[in-house]
Amino acid sequence: MSVSLFDGFRFRVVSSPIHRLDPRVKFLFVSVLFVGAVLFSELIPLLVLFLAPIPLVVLAGVRREWARSLRGAAFFAAFIFIFNFIFPYFFPTAGPGIEPPIDTPMEYAVLAERALVMTLRLLVLVGSFSAFFLTTSPDHLSLALEQSRVPYELCFAFTTAVRFVPVLAEEAQTITDAQRARGLELEKGNFLRRVRNYIPILIPLIVNAIRRSLELAEAMESRAWGATENRTNLYVLRMRRVDYTLLLVSALVLAAAVYVKLAIPVPSVVSLLYP
Amino acid sequence: MEALRGVSLTVRGGEFVAVMGQNGAGKTTLVKLFNGLLKPTRGSVLVDGVDTREVSVARLSRRVGFVFQNPDHQLFCETVEEEVAFALRNFGLDQEAVRERVEWALSLLDLTRYREASPFMLSGGERKRVALASVLAWDPEVVILDEPTIGQDYGQKEKLRRFIRQIGAQGKTVIIVTHDIEFVADCAPRVVLMAEGRIVGDGGAREVLTDRALVERASLVLPQVTQIFLGLRDLGLPGDVINLRDAERAVLGLLGVGS
Amino acid sequence: MAVIAARGLTYTYPGREEPSLRNVSITVDKGEFVLLTGPSGCGKTTLCRCLNGLIPHFYGGRLEGDLAVAGLEVAEHPTSGLARHVGLVFQNPENQLFALSVEKDVAFGLENLGTPRERIRERVDWALKMAGIEDLRERAPHELSGGQQQRVAIASVLAMGPEVVVLDEPTSFLDPLGAQTIFEVIGGLNERLGVTVVLVEHRLDLASRYADRVIVMDGGTVVMEGDPRQVLASERARLVGVGVPKAVRLCRFLKERGVSLGGVPVTSAEASKLLEEALVTDRC
């Protein structure tokens with residue numbers, strides 16, 4: 001369930017015009033969507049914001065992974081919906097048009113809409129950031145961080161972590177196999193026992209991770225790590241016309257959102273259904 | 001993508017088999033089917049007549065001991081003693097039996113003086129022995145060693161070779177997975193050659209390791225003495241020489257000199 | 001011209017009582033290919049780490065004696081400074097590749113040195129070519145075989161243009177063909193580019209043909225060094241427990257029985273020829 005949530009954040013080696021956009025600009029666009037989601041408490045604009053990344057996702061060819069990441073968030077989304085539906089039902093605190101007892105269809109609809117708004121907010125967050133991570137290679141991301149003046153040590157830690165994820169996953173499997181071959185039965189016993197069963201897997205994993213970092217540190221030193229303060233880079237991110245275009249679009253979307261929020265009262269769906 | 005295709009193999013009790021091939025040929029995949037860690041997608045694997053799909057890995061492991069390549073993937077206990085006892089406790093042996101078997105395994109691998117030591121503090125070679133002890137402790141009928149010679153020097157490999165002979169003499173079935181030609185040539189077991197998920201050769205070491213076409217197909221190299229004798233067939237030297245003992249005997253025989 | 005000069009080198013790891021290196025004195029000339037071997041624990045890996053300054057700077061401990069590499073005193077220069085002159089390739093292919101593409105990995109050292117971008121690009125292209133891995137440029141390290149990974153490691157080290165390349169059992173995890181390819185690459189570097197090579201190996205049957213000199217260590221000291229053929233054929237080497245190639249052992253065996261082979265073979269082809277000659281002459 002939650003594994004597929006992470007799937008949406010894992011990078012697949014694919015190239016598309018969206019992949020080639022400057023990550024900083026993409027991040028800004030995605031943040032604007034998120035700001036919009038926080039700004040609005042009405043269903044219609046949230047729906048718009050949720051649908052906004054879809055053309056990018058389709059263009060980038062990562063439809064399936066994007067859908068999978070949303071499916072991964074389904075559990076949390078359902079929880080938020082139910083919580084926001086049930087809680088005000090029993091404890092009606094604020095909100096116009098809701099007075100206990102709640103029994104008319106319209107009142108249920110108001111409650112549902114509000115719960116849906118909360119849920120959509122989560123989905124906009126998940127959807128937009130997943131779209132970002134799916135269309136940005138970790139290398140690109142690291143480069144963007146570097147050029148945004150994030151200290152190189154952090155960028156390096158990030159890419160190295162990403163690079164070793166498949167290695168560690170494989171190692172965890174090997175360790176599990178090795179211990180199972182010594183009679184370890186992971187599914188046996190009560191809850192407490194089952195947690196203890198993971199010790200023979202965790203300890204070698206951790207010890208090996210430490211050993212591995214020492215070897216990595218040696219290799220880094222041997223390749224002149226820290227030789228100079230002014231580290232150069234094989235690649236450089238340069239903004240192109242299409243990046244400036246997206247930058248402009250983001251600014252416009254933000255401006256429009258703020259304007260709408262301040263000047264135009266957005267009707268709730270319920271008010272449209274029950275005039 | 002299939003890791004193994006159409007593999008049919010029978011190993012008899014007490015045999016010594018070397019499964020060889022380059023990295024990625026499917027050797028480890030094959031042996032992982034023997035203790036149930038992997039289950040076949042098609043076909044079946046029978047261990048002592050029992051289908052591996054019907055029994056748990058824990059049960060199969062009582063019969064088939066698997067020593068993994070890297071001991072650091074197994075070691076996690078505070079003392080060597082506990083490490084060796086781990087599997088025994090998993091298999092439900094009582095305290096007395098555990099103590100007895102731990103004693104036995106420690107002395108077999110010459111580790112008795114390290115019994116209270118932390119496995120993490122031992123050297124690479126010693127850790128390998130601890131891993132081996134922890135598997136042999138429950139006296140499985142079959143012992144699988146995955147790449148046991150990696151990173152070992154000449155002396156350590158000799159010890160290993162003698163050790164394998166020792167447990168083989170006790171009636172154990174020993175299966176080693178390796179690409180170390182010279183080591184296998186010295187042991188001269190039955191050799192199963194693999195390439196791309198298939199078995200491309202199966203027979204005595206002297207038969208398989210001297211077949212140039214087969215060895216090339218498995219992306220391995222001929223043993224050094226085999227290479228040396230390759231061009232010397234017309235001098236009357238035999239073509240099934242794989243190790244020094246064979247070579248020495250052959251040359252002396254040819255020269256008519258007593259050995 | 002000595003590119004490595006060690007005199008009375010003694011080293012004890014922190015927290016240990018016994019030194020791992022005792023009074024090691026060796027010289028390696030520019031362009032030499034030195035094969036360093038010996039049983040496990042003899043100090044070969046420790047010596048490698050001294051050569052690029054990991055000892056004493058990374059490991060601490062007590063280092064006595066002198067060691068100069070490419071004219072620089074190791075104890076006085078940080079590893080980052082020595083890295084320009086001496087590259088170290090480690091045993092485990094996986095743990096010396098950090099980047100997400102081969103190209104970035106090969107560029108890593110140069111980036112650390114603050115090399116201008118154009119120059120990095122040139123050197124990366126060159127290093128990939130020298131290691132024979134130009135077609136792997138865009139690949140991720142995890143997708144590569146052990147042999148390919150080691151070639152990337154060699155290229156990454158080579159890109160910085162060191163005078164000396166030290167390799168610590170680089171073929172441990174590789175199968176025979178993978179190992180052979182690595183030795184060919186290293187041999188090529190030595191022969192064509194004049195890079196000084198210090199190779200620590202157990203696989204003497206495959207590696208000795210490239211060596212100008214063999215150094216044998218045992219218990220932290222150098223017990224023997226000299227011409228590969230002489231060292232491998234010596235009784236001393238056998239007693240120390242070095243993995244003497246079977247071709248040489250066969251040669252010794254026959255010699256002991258009065259059949260002289262007229263030389264010490266380091267390849268099976270040589271052995272074949274010598275054996276043939278010996279057998280034919282014997283027949284006559």
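As the structure is a prediction and not an experimental result, all values here were calculated from the model.

**Q** Explanation requested: the overall build of chain C in the structure shown.
**A** When helices and strands are counted, chain C shows 12 helices and 10 strands. For 284 residues, the compact-globule estimate of 2.2 N^0.38 gives 19 Å, and chain C sits close to it at 20 Å. Expressed along its principal axes, the backbone C-alpha trace of chain C runs to roughly 70 × 45 × 35 Å. Across the 284 residues of chain C, 56% fall into the buried class.

**Q** Hey, could you run me through helix α1 (residues 44-51) of chain C in this one?
**A** Spacing of three or four residues puts side chains on the same side of an α-helix, whose turn is 3.6 residues. Residues and elements named next belong to chain C. Buried residues dominate α1, accounting for 7 of its 8 residues. Inspection of α1 places K44, T46, L47, C48, R49, C50 and L51 among the buried residues, and these make up the whole buried set. Where α1 ends, the next residue or the one after it, G53, has phi of about 90°, a positive value.

**Q** Which parts of the structure should I look at to understand the sheet that holds strand β3 (residues 33-37) of chain C?
**A** Strands pair in a sheet through their backbones, by hydrogen bonds, and they do so in one of two ways: parallel or antiparallel. Residues and elements named next belong to chain C. In space, the 6 strands of this open sheet follow the order β6-β7-β8-β3-β9-β10, with mixed pairing throughout. Whereas interior strands pair on both sides, the edge strands pair on one side only; in this sheet they are β6 (86-89) and β10 (221-226). The mean inter-strand angle of the sheet, taken between neighbouring strand axes irrespective of direction, is 20°. Helix α6 (residues 146-158) rests against β6 and β7 (164-168) of the sheet, and its axis sits at about 165° to β6. Against the sheet, helix α7 (residues 176-193) contacts β3, β7 and β8 (196-200), and its axis sits at roughly 155° relative to β8.

**Q** Help me understand the sheet that holds strand β7 (residues 190-195) of chain B, please; the structure alone is not making it clear to me.
**A** Residue and element names in this part refer to chain B. As summarised here, the arrangement of the 6 strands in space is β4-β5-β6-β1-β7-β8, forming an open sheet in which the pairing is mixed. What marks the edges here is a single partner per strand, and that holds for β4 (64-67) and β8 (198-204). Between one strand axis and the next, the sheet turns by 15° as a mean value, whatever way the strands run. Sheet topology places strand β5 (residues 142-146) next to strand β6 (residues 173-178); 5 bridges connect them, and they run parallel. Note that in β6 the partner of I144 across the bridge is I175. The strands touched by helix α5 (residues 124-136) are β4 and β5; relative to β4, the strand with the most contacts, the crossing angle is about 170°.

**Q** How do you make sense of the interface of chain B and chain A when you look at a structure like this?
**A** One widely used convention gives an interface's size as the accessible area the parts lose upon coming together. The interface is formed by 19 residues belonging to chain B together with 17 residues belonging to chain A. Elements with a contribution of two residues or more to the side of chain B that touches chain A: α2 (57-63) and α3 (80-90) of chain B. Class assignment for the residues of the side of chain B that touches chain A results in 11 nonpolar, 7 polar and 1 charged.

**Q** Which parts of the structure should I look at to understand the packing of helix α8 (residues 138-147) of chain A against helix α9 (residues 152-180) of chain A?
**A** When two helices pack together, their arrangement is captured by the angle between the axes and the distance separating the axes. Residues and elements named next belong to chain A. Running from N to C, α8 and α9 point in directions that differ by 170°, and their axes come no closer than 9 Å. The orientation of α8 with respect to α9, classified from their angle, is roughly antiparallel. Judged by residue contacts, P138, D139, S142, L145 and E146 of α8 engage Y152, C155, F158, T159 and V162 from α9. Residues belonging to the contact of α8 with α9 are distributed by class as follows: 6 nonpolar, 2 polar and 2 charged.

**Q** I'm lost on the interface of chain A and chain C in this one. Help?
**A** Listed by partner, the interface residues are 26 residues for chain A and 37 residues for chain C. Only α8, α9 and α11 (199-222) of chain A provide two or more residues apiece to the side of chain A that touches chain C.

**Q** It is not clear to me how the environment of H19 of chain A should be interpreted in this structure. Could you clarify?
**A** All names here are of chain A. Mapped onto the elements of the fold, H19 is located in the loop between α1 (2-7) and α2 (23-39). Judged by the 21 C-beta atoms lying within 10 Å of it, H19 is buried. Considered as a pair, H19 and I203 are 184 residues apart in the sequence and their alpha carbons are 39 Å apart.

**Q** I tried to follow unusual backbone geometry on my own but got confused; where do I start?
**A** Note: most peptide bonds trans; most residues except glycine with negative phi. Residues I55 of chain C and P56 of chain C are joined by a peptide bond in cis, for which omega reads 10°. Examined against the element boundaries, P56 of chain C turns out to sit in helix α2 (residues 54-58). In the Ramachandran plot, A224 of chain A falls in the positive-phi region, its phi being about 65° despite a non-glycine side chain. For A224 of chain A, the position within the fold is in the loop between α11 and α12 (241-263). A positive phi angle is found at D110 of chain B, which is not glycine, with a value near 60°. Here D110 of chain B falls in the exposed class, since 12 other C-beta atoms lie within 10 Å of it.

**Q** Before we go on, may I ask you to explain the confidence of the model for chain A in this structure?
**A** Interpretation of this model should avoid reading the predicted coordinates in detail wherever pLDDT is low. Residues and elements named next belong to chain A. Counting all residues, the mean pLDDT for chain A is 85, and 91% of those residues have values of 70 or more. Predicted confidence in chain A is weakest over α1, with a mean pLDDT of 42, and strongest over α11, with 95. Ignoring residues within four places in sequence, the model shows residues 1-10, a span with pLDDT below 50, making 23 contacts including any to other chains.

**Q** Just to check I follow, could you spell out the nonpolar core for this structure?
**A** General note: in soluble globular proteins, nonpolar side chains tend to be found buried as a group. Of all hydrophobic cores here, the largest spans 185 residues; its most connected members are V19, M20, A133, A137 and I144 of chain B together with A155 of chain C. Discounting chain neighbours no more than four positions away, the residues touching M20 of chain B are T178, H179, V184, V191, V192, L193, M194, A218 and L220 of chain B. If you look at the next biggest cluster of nonpolar residues, it comprises 29 residues, including L33, F40, L120 and L123 of chain A.

**Q** Explain the packing of helix α4 (residues 102-112) of chain C against α6 of chain C to me, please; I cannot follow it from the model alone.
**A** All names here are of chain C. Running from N to C, α4 and α6 cross one another at 35°; their axes reach a closest spacing of 7 Å. As for how α4 packs across α6, the hand of that crossing is right-handed. Taken together, the residues of α6 that come into contact with α4 (itself represented by V102, D105, V106, F108 and G109) are V152, A155 and S156. Considered class by class, the residues forming the contact of α4 with α6 number 5 nonpolar, 2 polar and 1 charged.

**Q** Looking at this model, I keep getting lost on helix α5 (residues 63-72) of chain A. Mind explaining?
**A** The set of residues buried in α5 of chain A consists of E65, W66, S69 and G72 of chain A. One side of α5 of chain A holds all its buried residues, which, seen down the axis, span an arc of 115°.

**Q** Any chance you could explain the pairing of β6 of chain B here in plain terms?
**A** Moving residue by residue along a regular strand, the side chains alternate between the two faces of the sheet. Residues and elements named next belong to chain B. With respect to burial, β6 is a largely interior element, 6 of its 6 residues being buried. Relative to β6, strand β1 (residues 16-20) runs parallel, the two sharing 5 bridges. Within the sheet, the bridge partner assigned to V17 lies in β6 and is I175. Following the backbone out of β5, through helix α6 (residues 154-169) and into the adjacent parallel β6, one traces a crossover that is right-handed.

**Q** Looking at this structure, I do not really get the pairing of β6 of chain C. What am I missing?
**A** Residue and element names in this part refer to chain C. Side chains of β6 alternate between two faces, with V86 and L88 and G87 and V89 buried alike. Strand direction decides the pairing type here: β6 and β7, joined by 4 bridges, are parallel. Within the sheet, the bridge partner assigned to L88 lies in β7 and is V166.

The rules behind these values
- Residues numbered from 1 in each chain as written.
- Chains lettered and ligands numbered in written order.
- Predicted model: local features only at pLDDT ≥ 70, side-chain atom pairs only at ≥ 80, totals over all residues.
- Helix = DSSP H or I, 4+ residues; strand = E, 2+ residues; numbered from the N terminus.
- Rg over C-alpha atoms; globule rule 2.2 N^0.38 Å.
- Buried ≥ 20, exposed ≤ 12 C-beta atoms within 10 Å, placed from the backbone.
- Pairing = 2+ DSSP bridges.
- Axes fitted to C-alpha atoms, helices over the stretch in contact; angles between N-to-C directions.
- Contact = placed C-beta atoms within 7 Å.
- Nonpolar A, V, L, I, M, F, W, Y, C, P; charged D, E, K, R; others polar.
- Parallel < 35°, antiparallel > 145°, perpendicular 65-115°, else oblique.
- pLDDT = per-residue confidence, 0-100.
- Core = buried A, V, L, I, M, F, W, Y, C linked by C-beta atoms within 7 Å.
- Left-handed = near helix turned anticlockwise from the far one by under 90°.
- Arc of directions from axis to C-beta.
- Right-handed = clockwise from strand over helix to strand, strands pointing away.

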